[in-house]
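Commentary on secondary and tertiary structure
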Amino acid sequence: MSQTEIRHHQESVTIQASADSIYDLVSDITRTGEWSPVCTRCWWEDDAAAGEVGAWFTGRNELPHRTWETRSQLVAAERGREFAWVVGGDRVRWGYTLTPAGTGTTLTESWDFLPGGIAFFDEKFGEDAPAQIIDRTRQALDGIPKTLAAIKRIAESGTFREDGRS
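Residues numbered from 1 in each chain as written. Predicted model: local features only at pLDDT ≥ 70, side-chain atom pairs only at ≥ 80, totals over all residues. Heavy atoms only, no water.

**Here's the deal with the layout of surface pockets**
What the largest pocket holds in volume is close to 910 Å³. Forming the boundary of the largest pocket are 39 residues, of which Asn61, Trp68, Thr70, Val87 and Trp94 lie nearest the centre. Within the residue set of the lining of the largest pocket, elements represented by two or more residues are strand E2 (39-44), strand E3 (56-63), strand E4 (66-78), strand E5 (82-87), strand E6 (92-101), strand E7 (104-113), helix H2 (115-125) and helix H3 (129-156). Class assignment of the residues belonging to the lining of the largest pocket gives a composition of 22 nonpolar, 10 polar and seven charged. (1 Å grid on protein atoms, 1.4 Å probe; cavity = no way out; pocket = protein on both sides within 12 Å on 5 of 7 lines; lining within 4 Å. Points joined across faces, edges and corners; volume = space filled by probe spheres on them. Helix = DSSP H or I, 4+ residues; strand = E, 2+ residues; numbered from the N terminus. Nonpolar A, V, L, I, M, F, W, Y, C, P; charged D, E, K, R; others polar.)

This is the structure:
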């Protein structure tokens, strides 16, 4: 399958920490810059709705050749089980699911390039859309294992407490 055909990808890592503490970590979007290789920081648009399904946040992304911001809407927020959002409301779905694994938790990060994202790229980039989609797909596939490794390191470090605070 070529990268222009990949629309879903996921990878997992087992972390020696509780599902609730890992959820508390990954759902704190203000800490995203600690583990993401592209997204350097995020902030809630309305602090009163932070962490609730339907809430919107903005993420700042940085690569050597470009910097951009995206707005995302939270679509799943179930402590200890799932945390997910959709970029632009219909373009790309990112999420974390958590499942018990012996004395730890398996954290799965997933990425879905949605039909709205394909349409957005077609409109924005025209004939260059397939190349742009391949670039974004490569970034996602390269970034997920790096993100999971960083989350594992943080969650298993002596500075991360079971109550979710570091």
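**Some points on the side chain of Asp112**
For Asp112, the position within the fold is in strand E7. Engagement of the side chain of Asp112 in a polar contact is seen with the side chain of His8, the distance being 2.5 Å. (Polar contact = N/O pair within 3.5 Å; in protein donor to acceptor, adjacent residues only side chain to side chain.)

**As for H3**
The end-to-end C-alpha distance of H3, which contains 28 residues, comes to 40 Å, matching closely the 40 Å that a straight helix rising 1.5 Å per residue would cover. The sharpest bend along H3 reaches about 30° and sits at Gly143, with the proline Pro145 one to four residues further on. (Expected span 1.5 Å × (residues − 1). Bend = angle between axes of the 7 residues up to and from the residue.)

**Focus on the nonpolar core**
Core analysis: the biggest nonpolar cluster contains 38 residues, and Ile15, Ile22, Leu107 and Ile151 have the highest contact counts within it. Counting residues per element, this core draws most heavily on H3, at 10 residues. When sequence neighbours within four positions are dropped, the list of residues in contact with Ile22 reads Ile15, Ala17, Leu98, Thr105, Leu107 and Ala155. (Core = buried A, V, L, I, M, F, W, Y, C linked by side-chain atoms within 4.5 Å. Buried < 20%, exposed > 50% of the residue type's maximum accessible area, 1.4 Å probe, protein only. Contact = heavy atoms within 4.5 Å.)

**Looking at H2**
Buried residues of H2: Gly116, Gly117, Ile118 and Phe121, and no others. Lining the buried residues of H2 we find E7 and H3.

**Here's the deal with the pattern of salt bridges**
Evaluation of the coordinates by the stated rule reveals 10 salt bridges. Across the salt bridge formed by Glu45 and Arg71, the nearest N and O atoms sit 2.7 Å from each other. Of the two residues, Glu45 is situated in the loop between E2 and E3 and Arg71 in strand E4; the sequence distance between them amounts to 26 residues. In this structure Arg71 comes out as partly exposed when scored by relative accessible area, which is 42%. (Salt bridge = Lys/Arg side-chain N within 4 Å of Asp/Glu carboxyl O.)

**Digging into the sheet that holds E2**
The sheet built from seven strands is open, its strands ordered E1-E7-E6-E5-E4-E3-E2 with antiparallel pairing. In this open sheet, the two edge strands, each paired with only one partner strand, are strand E1 (8-15) and E2. The mean inter-strand angle of the sheet, taken between neighbouring strand axes irrespective of direction, is 25°. Pairing between E3 and E4: eight bridges, direction antiparallel. Considered in E4, the bridge of Phe57 is made with Ser72. In this fold H3 packs onto E1, E3, E4, E6 and E7, with an angle of close to 10° to the strand it touches most, E1. (Pairing = 2+ DSSP bridges. Axes fitted to C-alpha atoms, helices over the stretch in contact; angles between N-to-C directions.)

**Re the packing of helix H1 (residues 19-26) against H3**
Relative to each other, H1 and H3 sit at 120°, their axes nearing to 11 Å. The orientation of H1 with respect to H3, classified from their angle, is oblique. The handedness of the crossing between H1 and H3 is right-handed. Here H1 contributes Ile22, Leu25 and Val26 to the contact with H3, which in turn contributes Ile151, Ile154 and Ala155. When its residues are assigned to classes, the contact of H1 with H3 shows six nonpolar, no polar and no charged. (Parallel < 35°, antiparallel > 145°, perpendicular 65-115°, else oblique. Left-handed = near helix turned anticlockwise from the far one by under 90°.)

Any functional reading would require information that these geometric values do not contain.
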